[in-house]
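# A closer look at the structure
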Amino acid sequence: MLTGSRTTFKVRQMLPDIKERMLSQSSIGARSRDVFGLRCLPGECVLQRTVMVRKKLTAREGRGWLSGTLFCTHFRVAFVPQDSPKADDNADPILLGDHDIALASIEKVVAVGPNRTKLVTPNSSLKFTPEELVLYCRDMRVMCFLFDRLTPDAQVIEITYTIAKTYQPLKPGSVLAFQNAALGSVEMKQFLSNRRRDSHMNWFESASDWEQELERCGATSWRVSSVNDRFEMSNSLSKFIVVPQKVLDTELKKSFAHFNEGRIPRWCWRHPRGSDLLRMSSFQNNIYHEKDDIRNLEMVLFGCQSSLCVVVELGDELPSPADIQLAHSRLRALCLGDISSSVSVPDDKWLSTLEGTHWLDYIRSCLRKASEVSCLLRSGHLTVALQEVEDRDMSCVVSSLVQVMCDPHYRTQQGFQGLVQKEWVMAGHRFYSRINYHRESDKEESPVFLLFLDCVWHLWFQFPSRFQLTDDFLLALHDSVHLPLFSTFLSNCQRERCKRSQNVGQLYTPVNGWRDMLGPDSSSDTSDPPLPPVWDWALQYSRERRDGFVQPVAPTPPLQPLLNGNLNTNLDTHRLADAGPGSVFLLSRGAFTCPANLPPWRSGGSGAYRKSHRRALSCENVPGLERLLKAWALTELPQNTAAASGPKGPLDPYEPLLPLLMGPCMSLWRECYLRGALHAQAFSHPVSANRPHPVDRLAQEVQQLRDQLAQLSPRAAPDTLTVTPDPRRPDTNLNQSANNSTFLYSALRPKSTPPPTSTNQHTSRGPPSASAPPPRPTRDGPKHSFLFGHSAVAETRSDPRYHPPPGATKLPKSNGSSLTS
Amino acid sequence: MTSKPVLISQTAEATHRAMASPVSEYHSSSLDSRIASVDQEIIYMCPFNGAVKGKVLITNYRLYFKSSDADVPLALDVPLGVISRVEKMGGASSRGENSYGLDITCKDMRNLRFALKQEGHSRRGIFEMIFRYAFPLSHSLPLFAYVNQEKYTDNGWLVYKAMEEFRRQGLPNNKWRITFINKSYDLCDTYPTVLAVPFKCKEDDLRRVATFRSRGRIPVLSWIHRENQAVIVRCSQPLVGMSGKRNKDDERYLDLIREANDTTKKLTIYDARPNVNAVANKATGGGYEGDEYLNAELVFLDIQNIHVMRESLKKLKDIVYPNVEESHWLSSLESTHWLEHIKLVLSGAIQVADKVSSGNSVLVHCSDGWDRTAQLTSLAMLMLDSHYRTLRGFQVLIEKEWISFGHKFASRIGHGDKNHADQDRSPIFVQFIDCVWQMTKQFPTAFEFNEHLLLTILDHLDSCRFGTFLYNCESIRDQQELRSKTVSLWSLVNSKMDIYLNPFYTPESGQVLYPVASMRHLELWVTYYIRWNPRIRHQQQSPVEQRYKELLALREEYLKKLEQLQLSDSSSPYQLANSTTPNTTSSTASTPSQQYTHLQTPF
């Protein structure tokens, strides 16, 4: 397979018989995938290797330089550090090592010589031997490799050429080639088709997924409709949509025509105070309407709320996709700098140039809109419908931001992944066009999803303790978007995805196994490789990296796994209830109006409409709503007091996280945009970056002490310090003794019952009213802290944390009881 | 921790706590020994909440205001020391609501405005009281620190002893000696009494060098690298003047400094000023080292003078108080140049630290060697020496490089002085603390102290409650018997250290920290500069931090238990073996557990 001198390798086209042989070899089980120390994917070929290379480490990696060997395969540029431990041959393949970069992520290759720099393209020829090779990536990383004086010149030049020739500027053919290089081998296909998908998150693919969500939210008067099962009603909507229980499918069918792309008002989420969040596209007004249509619309729109509906128009105050695209490209240019063209913004103009990109402005406007909506929902018992012309961009941003702000479940990793499935993937955000992997829809390109991730990062940055997921997770997701490998991002809607998977064959067996229903497992001979979902993180990241996706100390899990929609509503609600049933208001530019003709086709049966719903309407209702919004502006004060009372004070878990949006509070996501910049060195203590978090280290110490104690005194205190014999779950044990907060990262993984799992359990058990614990009183001080524990657990046993033992003897005892519980 | 009420409410949190007690119940502690009795109805023109009615109480230490309106819970607790200016606003006849009252400008990034009833000269009493006690020196009254009766368990004046600190650095040695030539401040009245100079240098040489250095501030050692013996030496500018005077003794002295370290081929002289300013200084008799200094190289660090810094911070105040510019925040921030100055100071210090850690001795000066020089040497030492990153070590650093070497705190802050427009005032020390804060942000586990310490230091920089930052130099402090008559700020800090500790501190000796001095990575210190804005969310204790403290307590428990078991069962084969447990001992281990128990008690 490889010819050439000891140091240079050229690759011949793989002949079919060689392919056969590789396959037969692997089936025997001798699958040594190590090629000169590089652990190759099945079918991956090393094109070039260069020894004695140093890689510049970022602050996160500990800074400085790391020596090793640089490889270029037809899938990635890989760097293997010296003395890196030999990987286990039987371990599952990981697409990219910690120091690797996929060819598809590379945007620019720059060679740095003794006194010049040159952008290397497939056609360019080098007139000097590079000392340094800089790879600019689409995900805003910058990889910098330094060649040693002892590195053979030929190798240096060869690898530079090879990378420049193999990485392709994205275009239709190259993406497929890349996918094939990564996943196309028979072995890889087999491997992927045997992978089970994460059952701890909600994929929102089946009707039962949606029912589970309805149950979790306590949205009882809604139902899952399969009216769009064959995508006949709407191309871009998912198979299943959630509509009011009382609306029949036949009635529903008549509504589709009245909305752009048939995207009728659909339920997204229910606030525990009983407000519903809906999404819809703009009205179609060029078709004939019947009286019934209006009635149907009203039924869909008002859903189960009899009182009040606020339509939030998203067009006005939010950036357009084109705005976002422009801002993002400016931000890229600003943050990356560019040594090839050496146009870098002078440091003293950095702040004003950053301001000039408007990126932060756009984040602010998204967060502001989401805060407004959250405040409306908080007031209880109304319907908020987000309306956007196409309902496929900013409404994804706003609806998911609202849910992150209001629902702690969506601040866990699994919950967040479910949210993206629900509001982006299934709702038909046009990932494929917006990301523009194929460079065929430049006009459509717009990183709306990246803007959303940055908004979430801002929330995380301002409320780190209220999130279970970390910025590392957000960063991993950010980077994955730039890799054209994931089914999640490679289609514009569910319909396209279904089409594709019919071609390719079902991948990722769902747990309940409806794979068989869809037909035989087409294994090898399709032209397109099967694509994994992005959520299969083990494909991309090592265990250590994945451990960093969640906080070492868990924030509050949602106190009760079910939101039953019956949380105490505050006084505002009653005031609002006066607004009279069935009023529709339009919120635009921070002001409410009662539109004379909200649905533009009212001409047909407007009389009925007015009669049924507008009678109670009067002008003084509007101030009532405005007060809600004003409350938002002022909440920053009351919230401040709540925060000041800290963990002692009761904190309503559903109190929305309202971010501060003043200039000084909006910061740049440096860990993302500036991590590759050549001047960037430090974000953290250089040494500690490689070490476990101090909390982790201490937790391990405590664990060791516990073990010692248990060993020392099996007879002295058998009941006080029980160590579970099960060696696989030491952390679980520890976890419980620490009152449900965790000592270790690992304790947060599903096996030790994190919130999402319990969600599943509860939903399978019975009706929400029966299994849900009574709604948590909001003002009952001592029993709760937002940080730790389920309230139920805290109530059933004396909690040692809140009642510190006067002597040393009591503590183990209470620990013991918690161990047995 | 409940021993004393919140004296100075810096944070909103504290303010809210203070709200709980009405003015009448206001705890007068030993602090307010002489309650100056102004207690009257007043309206506070709050820039965030509008006019707030309430009562004001003025003591010889502070102004305390509490709203009498239950709907607007608000309290102000302002040490009179932070007031830089009091003005009467409006006259007895001026029209308009709330147009008659007082305007107070503070040194800590805020202004206060009070309105009173126009009848009966109601503001006269308040105005005079404030004027008298905010500016005691202008009224021949003692500074509050001299009447403060507070007692603390720890005596902060013992934190720094010059000899001890030199000994810690390994001095004297065969290259450097300690001299007491300045014992009675006759060599240099703004230097401390104990100095470290090259071993080969005679006392007479020092005197001759002193004639050639501005204000006699001769080059003396600040810090020596333990391994490579490279040193940081500080001084003032040479008195070159227009005629380009030379001084053989000074030239020889600098060469002695260079010789004291074998690896220094050329002594690097860092002149903190911009080149043009250094040249301009020749006109007033100063200047910089020229080519006549063989074996030396001169580098200008381009840091602006005290007047530029003062104006920069003034501009910053304009954009953050009371209202924060929103739409063009970043460009407004840029136009203040505050972060740019921070960047220049930091990058200067990085250059110094880098030179020294690579084995090259350096000499640092500006004009007089008490502003920019202090910033540079102390920051470089903070980067080089992990001892200064501990709570005690940081106190030593401030005592040594700032207080003992004569940073003119009295002039720069204007303690007790009514002359608010004094051109000598400048936020040089604030800028230094800002630089330290930037470093703690970039290296969150490298410092034993937390942000709260930095805020406390800045609060008491102005408050005059402690003697620590009073007066310009040691000679005057001795004359005023400062150490025997006042309390040190470090007494307060070291009496309850745990609230100033960073739980994530991971000691790393020998690690040189190089922060990134780039606008891309510097941040505005929002929790200091914009802390009066109620919308800025104040940092609560992070859950991770709290968890950490609980784990510490748990570890203590287990250790104790283990010990007991081992005592009772000495034949046990198990040893309190390994690795991790013994490093319990650091001061952090016990104090957080106290914190822990304290945290529990409210439940």
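From a predicted model like this one, the values you see are computed outputs, not experimental measurements. (Residues numbered from 1 in each chain as written. Chains lettered and ligands numbered in written order. Predicted model: local features only at pLDDT ≥ 70, side-chain atom pairs only at ≥ 80, totals over all residues. Heavy atoms only, no water.)

## Considering the overall build of chain B
- When you go through chain B residue by residue, the secondary structure sums to 20 helices and 14 strands.
- Out of the 603 residues belonging to chain B, those deemed buried represent 61%.
- In the form shown here, chain B has an accessible surface area of approximately 23,200 Å², with 50% of it arising from carbon and sulfur atoms. (Helix = DSSP H or I, 4+ residues; strand = E, 2+ residues; numbered from the N terminus. Buried < 20%, exposed > 50% of the residue type's maximum accessible area, 1.4 Å probe, protein only. Areas by Shrake-Rupley, 256 points an atom, 1.4 Å probe, with all protein chains shown as cover.)

## Quick look at the packing of aromatic side chains
- Applying the stated criterion across every chain, the model contains 48 aromatic pairs over all chains.
- Look at A:Trp457 and A:Phe461: their rings are 4.8 Å apart centre to centre, the planes differ by 20 degrees, and that puts the pair in the stacked class. Of this pair, A:Trp457 and A:Phe461 both sit in helix α14 (residues 448-462), 4 residues apart, roughly one helical turn.
- Classification of A:Trp457 as buried rests on a relative accessible area of 1%.
- Measuring from ring centre to ring centre gives 5.5 Å for B:Phe127 and B:Phe131, while their planes differ by 15 degrees; the resulting arrangement is stacked. With a gap of 4 residues between them, B:Phe127 and B:Phe131 both fall in helix α2 (residues 122-134), about one helical turn apart.
- Assessed through its relative accessible area of 15%, B:Phe127 is described here as buried.
- Of note, B:Lys88 hangs over the ring of B:Phe127, and the distance from its end group to the ring centre comes to 4.6 Å.
- The ring centre of B:Tyr388 lies 5.1 Å from the NZ or CZ of B:Arg168, which sits over that ring. (Phe/Tyr/Trp six-rings, centres within 6.5 Å; stacked < 30°, edge-to-face > 60°. Lys NZ or Arg CZ within 6 Å of the ring centre and 35° of its normal.)

## Thoughts on the packing of helix α9 (residues 338-357) of chain B against helix α13 (residues 428-442) of chain B
Residue and element names in this part refer to chain B.
- Where α9 contacts α13, the axes come no closer than 10 Å and their chain directions differ by 75 degrees. Our classification of the angle between α9 and α13 gives roughly perpendicular. Note on element contacts: α13 touches α9 through Gln 431, Asp 434, Cys 435, Gln 438 and Met 439, opposite Trp 338, Leu 339, His 341, Ile 342, Val 345 and Leu 346. (Axes fitted to C-alpha atoms, helices over the stretch in contact; angles between N-to-C directions. Parallel < 35°, antiparallel > 145°, perpendicular 65-115°, else oblique. Contact = heavy atoms within 4.5 Å.)

## Re the domain arrangement of chain A
Residues and elements named next belong to chain A.
- By the assigned domains, chain A splits into domain 1 (20-194) and domain 2 (207-504 + 528-548).
- For domain 1 and domain 2, the distance between their C-alpha centroids amounts to 34 Å.
- When the shortest N-O distance is used, the salt bridge between Arg 332 and Glu 107 registers 2.3 Å.
- Where domain 1 packs against domain 2, one counts 5 residue pairs in polar contact (both at pLDDT 80 or more).
- Residue assignment for the side of domain 1 that touches domain 2 shows that the elements contributing at least two residues are β9 (106-112), β10 (117-120), β11 (132-137), α3 (172-183) and α4 (186-193).
- Ranked by residue count, the leading element in the side of domain 1 that touches domain 2 is α3, at 8 residues. (Domains from an automatic or database assignment. Salt bridge = Lys/Arg side-chain N within 4 Å of Asp/Glu carboxyl O. Polar contact = N/O pair within 3.5 Å; in protein donor to acceptor, adjacent residues only side chain to side chain.)

## Looking at the pairing of strand β7 (residues 111-115) of chain B
Residue and element names in this part refer to chain B.
- When strand β6 (residues 101-106) meets β7, the two strands line up antiparallel, connected through 5 bridges. Within β7, the position partnered with Gly 101 by the bridge is Ala 115.
- Between β6 and β7, which pair antiparallel and follow one another directly, the connecting turn spans 4 residues, one of which, Met 109, has a positive phi of 70 degrees. (Pairing = 2+ DSSP bridges.)

## Quick word on the domain arrangement of chain B
All names here are of chain B.
- When its domains are assigned, chain B resolves into domain 1 (35-141) and domain 2 (156-537).
- A straight line from the C-alpha centre of domain 1 to that of domain 2 covers 36 Å.
- At the junction of the two partners, domain 1 supplies 22 residues and domain 2 supplies 23 residues.
- A buried area of about 2,000 Å², summed over both sides, lies between domain 1 and domain 2, and 61% of it is on carbon and sulfur atoms. (Buried area = accessible area lost by both parts, 1.4 Å probe.)

## What about the sheet that holds strand β10 (residues 220-224) of chain B?
Residue and element names in this part refer to chain B.
- One open sheet accounts for 5 strands, arranged β10-β11-β14-β12-β13; its pairing is mixed. Two strands close off the open sheet at either side, each with one partner strand: β10 and β13 (296-300). Between one strand axis and the next, the sheet turns through 25 degrees on average, direction left out of account.
- Here 4 bridges tie strand β12 (residues 267-271) to strand β14 (residues 362-365), and the two strands are oriented parallel to one another. Across the sheet, residue Asp 271 finds its bridge partner in β14, namely His 365.
- Packed onto the sheet, helix α10 (residues 372-384) meets β10, β11 (231-235) and β14 and runs at close to 165 degrees relative to β11.

## A closer look at helix α15 (residues 471-481) of chain A
Residues and elements named next belong to chain A.
- Counting buried residues in α15 gives 10 out of 11 residues, a clear majority hidden from the surface.
- Looking only at α15, the buried set comprises Asp 471, Phe 473, Leu 474, Leu 475, Ala 476, Leu 477, His 478, Asp 479, Ser 480 and Val 481.
- Summarising the contacts, the buried residues of α15 are in contact with α12 (413-425), α13 (431-435), α14 and α21 (670-673).
- Capping the start of α15, Thr 470 holds a side-chain oxygen 3.2 Å from the backbone nitrogen of Asp 472, two or three residues further along.

## Structural notes on the nonpolar core
- Grouped together as the largest cluster of nonpolar side chains are 306 residues, with contacts concentrated most on A:Phe416, B:Phe394, B:Phe429 and B:Tyr529.
- If you tally residues by element for this core, the top one is α14(A), at 11 residues.
- Apart from the residues lying within four places of it in its own chain, the contact partners of A:Phe416 are A:Val404, A:His409, A:Tyr410, A:Phe452, A:Leu453, A:Val456, A:Leu469, A:Phe473, A:Leu474 and A:Leu477.
- Counting residues in hydrophobic clusters, the runner-up holds 25 residues, among them A:Cys72, A:Phe79, A:Ile106 and A:Cys137. (Core = buried A, V, L, I, M, F, W, Y, C linked by side-chain atoms within 4.5 Å.)

## Some remarks on the environment of A:Glu44
Residues and elements named next belong to chain A.
- The topology assignment puts Glu 44 in the loop between β4 (38-39) and β5 (46-56).
- The exposure class assigned to Glu 44 is buried, which follows from its relative accessible area of 4%.
- Here the alpha-carbon distance between Glu 44 and His 74, two residues 30 residues apart in the chain, equals 6.9 Å.
- Polar contacts involving the side chain of Glu 44 include one to the main-chain amide nitrogen of Leu 41, which spans 2.7 Å.

## Some thoughts on unusual backbone geometry
- Omega for the bond connecting B:Leu171 with B:Pro172 falls within 30 degrees of zero, at -5 degrees, which places this linkage in the cis form.
- Mapped onto the secondary structure, B:Pro172 falls in the loop between α3 (162-168) and β8 (176-179).
- Phi is positive for A:Glu261, close to 55 degrees, though the residue is something other than glycine.
- One can find A:Glu261 in the loop between α6 (249-255) and β15 (266-270).
- Here B:His337, not a glycine, exhibits a phi torsion of approximately 65 degrees, which is positive.
- Structurally, the position occupied by B:His337 is in the loop between α8 (329-336) and α9.
- Looking at B:His337, the relative accessible area reads 35%, which means it is partly exposed.

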